Amino acid sequence: MASADPRTRTQRDGAQRTRDRRVDVFVALGTGVVAIGLLLGLPPLDGLEPDGATLAMRVPAPFTAAWTVLALGLLAQSAALLAARRAPRAVLVAVSVLPVLVAALAPQSLDLFGLTALPVVVAVVLAALRVPLVRLWPTLLVAGALVAAGNAVLSGALGQGVLQAVGAVGLPLLVTLLVRSRREVRAARTAEASAVFREQDALVEAAVSRERAAMARELHDIAAHHLSGIALMAAVIDRQIDSDPERAHEGARQVREQSTAVLDDLRRLVGLLREDVPAERAVETVAGIVDLVERARFRSDVRLDVLAGDHQRGVQALADGVGPLAQLAAYRTVQEALANAALHAPSAPCTVTVDDRDEARVVIRVENAPAAAPAAPTSPSGGNGLRGMRERADLVGASLQTGPTATGGWLVELALGREAPAAPAQATDGDEVVA
């Protein structure tokens, strides 16, 4: 593909050059045809007027020396326009010089000499469209002076020559500058609109990327927690199916419960993503960690410590003042930490601590002891769990710390700030709830 780009670019440039040459030929040919047509048609048309006899006497007869000089001058001016794209200023000077030569060689062409202004008008338009006015104005002055000089040579009246110069150079210049300015304004608006569209596309892509990352985190948290438990319980059932059938049946029921739970979580996620389907249940909170630990006890040794502060003696809920997104991040962090503990330290005890004593923040810790049995091999593409934890913590402005403990275990600690201060204390001592 990379080698095809230069060829495509070359073909595109060649096609553009061909179109430009065709336009140049059309402009030059059209100017020449119009000029010669007027040269041939004006005398007969003027002869139809009641006072045309007097004028006809001052027009050179067709194909005479003066008429031929004028015709050749018009053709030469038209042919010079073929080079207007490559050298617009030089062409403008050349087209303006030729009428002076025609005036000197054919003074009898006075009444048709105004036709030589037509190629000059075309040259002015082409030059004004392609050259900035700052660089073009000296050439315009030279062209105007030459047009005035040519007319003055024939008529002997400098004022008439100046008027013709204004008509052949000044007026076309003003019209062309107006058209050019409107074209530039239109191009600027188009570029601005394109920039706005590109910015909108970039914003949409960024939003889609963020949503995909959020969906990936949610799916990972749901699947990793439940499916890792199902895999561990399936391994236990495989060992107990012959030695302890009753325990194996109990494990199978737990597998079914975990499978139902993961399906419920996935249905809830789909309900959140689809506008026409309401969510089946509310978003998880810190209070839901209690049920999360209870379910985790079916597959490992998990202990729950809830350290309630003085403000919890009233009617306030656990983690009062913590926003819903932050509470969901805490729930998912504990869920992922328990799944990692069950995967990497399957037989080690694990402690979940919810410290709600500080009035400014809530601290949640998940700490597991060293593994007493070798862990099952994991996929080399792992690490998404810790990455998801950090992304969730950064999203809600929480502080996350993960790493090994001094005893060889693993600690996950999440500190959540409160959006509103906790309720004032009613008693002096905090309570500790151990499950």
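For the structure itself, look to the data block above.
Notes on the structure in this doc start here. (Residues numbered from 1 in each chain as written. Predicted model: local features only at pLDDT ≥ 70, side-chain atom pairs only at ≥ 80, totals over all residues. Heavy atoms only, no water.)

## Points about the overall build of the protein
Of regular secondary structure, the protein possesses 11 helices and 6 strands. The buried share of the protein, reckoned over its 435 residues, is 36%. Long-range contacts, defined as pairs at least 24 residues apart, comprise 74% of the intrachain contacts of the protein with a sequence gap of at least 6. In the structure as shown, the protein presents an accessible area of about 24,700 Å², 62% of it carried by carbon and sulfur atoms. (Helix = DSSP H or I, 4+ residues; strand = E, 2+ residues; numbered from the N terminus. Buried < 20%, exposed > 50% of the residue type's maximum accessible area, 1.4 Å probe, protein only. Contact = heavy atoms within 4.5 Å. Areas by Shrake-Rupley, 256 points an atom, 1.4 Å probe, with all protein chains shown as cover.)

## Some remarks on unusual backbone geometry
Positive phi outside glycine occurs at A319, with the angle close to 60 degrees. By the element assignment, A319 lies in the loop between β1 (302-308) and α10 (324-344). Taking the relative accessible area as the measure of exposure, A319 reaches 1% and is therefore buried.

## A word on the packing of helix α4 (residues 88-105) against helix α6 (residues 133-155)
Close contact between α4 and α6 brings their axes to 8 Å; oriented N to C, the two are set at 10 degrees. Here α6 runs roughly parallel to α4, going by the angle between their axes. Contacts between α4 and α6 involve R89, L92, V93, S96, V97, V100, A103 and A104 from the first element and R135, L136, T139, L140, V142, A143, L146, V147, G150, V153 and L154 from the second. Considered class by class, the residues forming the contact of α4 with α6 number 14 nonpolar, 3 polar and 2 charged. (Axes fitted to C-alpha atoms, helices over the stretch in contact; angles between N-to-C directions. Parallel < 35°, antiparallel > 145°, perpendicular 65-115°, else oblique. Nonpolar A, V, L, I, M, F, W, Y, C, P; charged D, E, K, R; others polar.)

## Topic: the pattern of salt bridges
Overall, the coordinates contain 9 salt bridges when judged by the stated rule. A salt bridge links D305 to R303, with the nearest nitrogen and oxygen atoms 3.2 Å apart. With relative accessibility at 10%, the residue D305 sits in the buried group. The network of salt bridges with common partners includes D20, D24, R85 and R130. (Salt bridge = Lys/Arg side-chain N within 4 Å of Asp/Glu carboxyl O.)

## Looking at the environment of D358
Along the polypeptide, D358 turns up in the loop between β2 (350-356) and β3 (361-368). Spatially, the C-alpha atom of D358 lies 9.8 Å from that of L307, the residues being 51 residues apart in sequence. Among the polar contacts made by the side chain of D358, one reaches the main-chain amide nitrogen of A360 at a distance of 2.9 Å. (Polar contact = N/O pair within 3.5 Å; in protein donor to acceptor, adjacent residues only side chain to side chain.)

## Thoughts on the side chain of Q164
Assignment of secondary structure puts Q164 in helix α7 (residues 158-243). The class for Q164 is buried, based on a relative accessible area of 17%. In this structure the side chain of Q164 is engaged in a polar contact, spanning 2.4 Å, whose partner is the side chain of N151. Discounting chain neighbours no more than four positions away, the residues touching Q164 are F113, G114, A117, V147 and N151.

## Regarding the pairing of β2
Successive side chains on a regular strand alternate, one facing one side of the sheet and the next facing the other. Where burial is concerned, most of β2 is hidden: 6 out of the 7 residues are buried. As paired elements, β1 and β2 share 7 bridges and run parallel to each other. Residue pairing for β2: R303 is matched across the bridge by T351. Connecting the antiparallel pair β2 and β3 is a turn made up of 4 residues. (Pairing = 2+ DSSP bridges.)

## Quick look at α10
For α10, which comprises 21 residues, the first-to-last C-alpha distance of 30 Å matches the rise-based estimate of 30 Å (1.5 Å per residue) to within 8%. Buried residues dominate α10, accounting for 16 of its 21 residues. (Expected span 1.5 Å × (residues − 1).)

## Side note on empty space enclosed by the protein
Enumeration over the complete set of coordinates arrives at 2 cavities of 30 Å³ or more. The calculated volume of the largest cavity comes to roughly 50 Å³. What lines the largest cavity is simply S300, V302, L338, A341, A342, A345, A348 and C350. A total of 3 residues in the lining of the largest cavity trace back to one element, the largest contributor, which is α10. A per-class count over the lining of the largest cavity returns 7 nonpolar, 1 polar and no charged. In this structure, the second largest cavity spans a volume of roughly 40 Å³. Surrounding the second largest cavity, P99, F113, T116, A117, V120, V147 and Q164 form its lining. Taken together, the residues of the lining of the second largest cavity sort by class into 5 nonpolar, 2 polar and no charged. (1 Å grid on protein atoms, 1.4 Å probe; cavity = no way out; pocket = protein on both sides within 12 Å on 5 of 7 lines; lining within 4 Å. Points joined across faces, edges and corners; volume = space filled by probe spheres on them.)

## Observations regarding a nonpolar patch on the surface
Side chains of L158, V162, V166, L171 and L174 sit close together on the surface and give an oily, nonpolar patch of about 480 Å² of accessible area. Along the chain, L158 turns up in helix α7. L158 sits in the exposed class, given a relative accessible area of 58%. (Patch = residues over 30% accessible without salt bridge, like charges linked within 9 Å, V, L, I, M, F, W, Y side chains within 5 Å.)

## Some remarks on the pairing of strand β4 (residues 399-404)
With 6 bridges joining them, β4 and strand β5 (residues 410-417) adopt antiparallel strand pairing. Paired with L400 across the bridge in β5 is L414. Hairpin geometry of β4 and β5 is characterised by an intervening segment of 5 residues between the two adjacent antiparallel strands and by a positive phi of about 100 degrees at G408.

## Observations regarding helix α9 (residues 289-296)
Count 3.6 residues to each turn of an α-helix, and residues three or four apart come out pointing the same way. Those residues of α9 that fall on the buried side of the exposure criterion are I289, L292, V293 and A296. Angularly, the buried residues of α9 cover 95 degrees about the axis, an arc narrow enough to put them on a single face. (Arc of directions from axis to C-beta.)

## Remarks on the nonpolar core
Within the largest apolar cluster, 31 residues are counted, with the highest numbers of intra-cluster contacts made by I289, L338, V352 and I364. Breaking this core down by element, the ones donating at least two residues are α9, β1, α10, β2, β3, α11 (384-396) and β5. For this core, the element with the highest residue contribution is α10, accounting for 7 residues. Beyond its immediate stretch of four places on either side in the chain, I364 contacts V286, I289, A330, V334, T353, V354, V412, E413, L414 and L416. Residues L92, V95, V131 and L136 belong to the second largest nonpolar core, which totals 24 residues. (Core = buried A, V, L, I, M, F, W, Y, C linked by side-chain atoms within 4.5 Å.)

What is shown is where atoms sit, not what they do.
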